[in-house]
Amino acid sequence: MQLFKVFTAIAVFVVSAAAVATPEIVKLRDLEERAANPELATPPNSPSDSNEMSLPQPLPYVPTADEIVPAMHRIINKYNAIRTQILRTTTPSTATFSNVILPLVNVENAVQGELGMIDMLQYGSPSLETQGAFDEARQLYLKASALWVADEPFFRLLEAVREKPEFQALDAESKHWLEKELLEYRHAGHGVLGHVELEEYQKRNMEIAELERKFQQNLAREAGGVWFTLGELDGVPGEELAKWRDSPAEGELTNEKRQQRKKFVPFANGGTLAVLTHAHSPETRKRMFLEDNVKLKENMPLFEDIIKRRARQAQALKYPSHAALRIERRMVKTTEWVKGFLRQLQATLCPYGRGEIAVLQRRRLDDLRARGQLPDKEAGDSFPPWEKRYYEQLVQREFEVDQLKISEFFPLERTATSMLGIFASLLNLRFDSIPSEKLTRDVVWHDTVRVFSVWDTKEDAFIGVINGQMEADNTRRRF
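Residues numbered from 1 in each chain as written. Predicted model: local features only at pLDDT ≥ 70, side-chain atom pairs only at ≥ 80, totals over all residues. Heavy atoms only, no water.

On to the overall build of the protein chain, then. Along the protein chain, the regular secondary structure elements total 18 helices and five strands. Just so you have it, the protein chain exposes about 27800 Å², and 56% of that area is on carbon and sulfur atoms. (Helix = DSSP H or I, 4+ residues; strand = E, 2+ residues; numbered from the N terminus. Areas by Shrake-Rupley, 256 points an atom, 1.4 Å probe, with all protein chains shown as cover.)

Structure, rendered in C-alpha cells:
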C-alpha cells in the first residue's frame, strides 16, 4: 500500500470520528481527573514516543529547490517507460489485470511518496525558489498526465481488461482502481467524443489546468494583511501583537506616541481571527473583515473563467453540470442527493443559527448603547458578519466560559497526538513518533516538523510515514 491511502482513509473518517463513542474521545467531565492524574492522559492507541520497530526504508527525502524538477522528470519517465512497454507487448485480446494494471500500480506505489513530498512543498516551504521549482514541476506533470489520458490505445486496453471474465474475480480494491482509471479516461472524452472533438476537448482541459495552477499559486503565495495602530488594536492580547511585525518607523517614535505605532496584521496564521475576536473597535473589526474578504483580487477573474470553462466541458460530455461530472468520483453519486441532504441540514440548523444570531445581536446592541453608539433602527436590525467572533467571545465570558483555561486541557502536542490515536483506533493503525535526533535537515522542511511512522496493527506491517508541522511561522500557512 502507498502512503496516500492512509491520508485518504483518515480524511474519509474525520466526520465519523466526531460521532463515534470511542475510549479515545475525552469527555469534558473527565478533564480535571485527567489533568490531576497524568497517567490517564494518554488514550489507548495514541502515538508512541518510542520507535518500537525499525523502519524498513529511509524517511522520505525533502528535495531542495534545484532537485525538484529533475525528480519530476524521473517520475514522469518511469510512467512513460512502463506505459510504452505495456503498449508494445499487449493487445486488447491479451490484456489482463496482471500485464496492464499491475505494472502501473507498482510504478504508482514506487513514486507516490516522492510525488507527494514535492506537492507538499508548495504549501510547506517558505522558500520562493522552492515554490517556483514546484510550479515548473507541476506543469511538467500536468502536461504528462494530459498526454496519458489522451492515449486512446491505452484506453482500449483498460476497457479490454474490464470486459474480461476474470475481472469479476478480482478483489474489491483492484476493481476500484481499474474503474477509477477508466473513469479518468471517460472524463477525458474517450468513448463519447470523436477524434477531432477529443483533441479540442483535451486542449481545453489543459487551458483549464493552467488557470487552476495560477489560482493555486496565488493562494500559496498570499502574504497580505492590514496595518493598524496599536490604538486600533486595543483589546488584542499581547502574545498576538508580539507575532506581528512593526512599522519601519518604530524606532523614531517617542513613548508618548506609542499608540500610533503600527503593526502589520497578516490575513494568514490567525491574524484575521485574532482581530475579529479581540479588537474592541468596531471599525477595526470591519476593516479587517472586509480587507480579508477582498484579498487575492487577481483570483476573481480566474475563478469565473474556470467555472464557465468547466461547465462547457461537462456539457460536451453530456453532463448537465460540472458538479454532475465530478460527483461520479465520490461516494455520493448524484447531485440531487446532495441538494436534498443540504435542504435537510438547512431545515434543521437554520433555526438554531437564527437563535444564536439573535443572542449575539442583543449583546451587540447593549454594548453599543453603553458606548453611546447605538445605530439607527435599520442598521440595528441587521447583524454585520464581522461582529460575530467578538460578541461570541463576550457572551462566553458572561457565561464564564474561559477558552484559555479550557485550552490548558488541550495542549497542542497532546491534542494532535490524541487525534492520531482516534484515527489509529478507527483504522487499526499505530503511529510511532520518530525521535527528533533522526529528523535531519534532509527529511524535514522546518525544525517544528513532527514525523510519525504508520503501522498496520493487524499484520504489524509498515505502511508509511506522516509529516506534520504543528506550529506556524510568519511566511506560510501550516497544515
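Next comes the rest of the description.
The next subject is the pattern of salt bridges. The final tally for this structure, using the stated rule, is 22 salt bridges. The closest approach of N and O atoms between Glu-184 and Arg-329, which form a salt bridge, is 3.2 Å. In this pair, Glu-184 is assigned in helix 7 (residues 172-187) and Arg-329 in the loop between helix 13 (322-326) and helix 14 (335-371), connecting sequence segments 145 residues apart. Of the residues examined, Arg-329 reaches a relative accessible area of 31% and is grouped as partly exposed. Of the charged contacts, one joins Lys-388 and Glu-392 as a salt bridge, the two residues approaching to 2.6 Å between their closest N and O atoms. (Salt bridge = Lys/Arg side-chain N within 4 Å of Asp/Glu carboxyl O. Buried < 20%, exposed > 50% of the residue type's maximum accessible area, 1.4 Å probe, protein only.)

Moving on to the packing of aromatic side chains. To describe a pair of aromatic rings, you give the distance between the ring centres and the angle between the ring planes. Scanning all chains against the criterion turns up nine aromatic pairs. With centroids separated by 5.3 Å and ring planes inclined at 15 degrees, the aromatic side chains of Trp-337 and Phe-341 adopt a geometry described as stacked. In this pair, Trp-337 and Phe-341 are both assigned in helix 14, four residues apart and thus about one turn of the helix distant. Judged by its relative accessible area of 37%, Phe-341 is partly exposed. One aromatic cluster is present, built from ring pairs that chain together Tyr-79, Tyr-141 and Trp-148. (Phe/Tyr/Trp six-rings, centres within 6.5 Å; stacked < 30°, edge-to-face > 60°.)

Further remarks concern helix 7. Since the α-helix advances by 3.6 residues per turn, residues separated by three or four positions end up pointing in the same direction. Over its 16 residues, helix 7 extends 22 Å from the first C-alpha to the last, a length consistent with the 22 Å expected when each residue adds 1.5 Å. Among all positions of helix 7, only Ser-174, Trp-177, Leu-178, Glu-181, Leu-182, Leu-183, Tyr-185 and His-187 are buried. Buried residues belonging to helix 7 abut helix 3 (65-89), helix 4 (97-124), helix 5 (128-149), helix 6 (152-163), helix 8 (195-220) and helix 13. Phi turns positive one or two residues past the end of helix 7, at Gly-189, with a value near 105 degrees. (Expected span 1.5 Å × (residues − 1). Contact = heavy atoms within 4.5 Å.)

Turning to the sheet that holds strand 4 (residues 449-456), a few remarks are in order. Read from one edge of the open sheet, three strands run 3-4-5, paired in antiparallel fashion. In this open sheet, the two strands that pair with only one neighbour each are strand 3 (429-433) and strand 5 (461-469). With direction set aside, neighbouring strand axes in the sheet form an average angle of 30 degrees. Two elements, strand 4 and strand 5, share eight bridges in a ladder whose sense is antiparallel. Residue pairing for strand 5: Phe-452 is matched across the bridge by Ile-466. Together, strand 3 and strand 4 form the strand contacts of helix 18 (residues 412-427), whose direction differs from that of strand 3 by roughly 150 degrees. (Pairing = 2+ DSSP bridges. Axes fitted to C-alpha atoms, helices over the stretch in contact; angles between N-to-C directions.)

For helix 4, with 28 residues, the first-to-last C-alpha span of 37 Å sits near the 40 Å given by 1.5 Å per residue. Approximately 45 degrees is the largest bend angle found in helix 4, and it occurs at Val-111. (Bend = angle between axes of the 7 residues up to and from the residue.)

What follows concerns the packing of helix 10 (residues 271-278) against helix 16 (residues 388-398). Two quantities define a packed helix pair, namely the angle between the helix axes and the distance between the axes. At a closest axis distance of 6 Å, the pairing of helix 10 and helix 16 adopts a crossing angle of 55 degrees. With respect to each other, helix 10 and helix 16 are oriented oblique. In this structure, the crossing between helix 10 and helix 16 has a hand that is right-handed. In this structure, helix 10 uses Leu-273, Leu-276, Thr-277 and His-278 to contact helix 16, whose residues at the interface are Arg-389, Tyr-390 and Gln-393. When the residues that make up the contact of helix 10 with helix 16 are grouped by side-chain class, the tally is three nonpolar, three polar and one charged. (Parallel < 35°, antiparallel > 145°, perpendicular 65-115°, else oblique. Left-handed = near helix turned anticlockwise from the far one by under 90°. Nonpolar A, V, L, I, M, F, W, Y, C, P; charged D, E, K, R; others polar.)

All right, on to a nonpolar patch on the surface then. A contiguous nonpolar patch, built from Trp-337, Phe-341, Leu-342, Leu-345, Leu-349 and Tyr-352 and spanning about 650 Å² of accessible area, is present on the exposed surface. Considering the arrangement of structural elements, one finds Leu-349 in helix 14. (Patch = residues over 30% accessible without salt bridge, like charges linked within 9 Å, V, L, I, M, F, W, Y side chains within 5 Å.)

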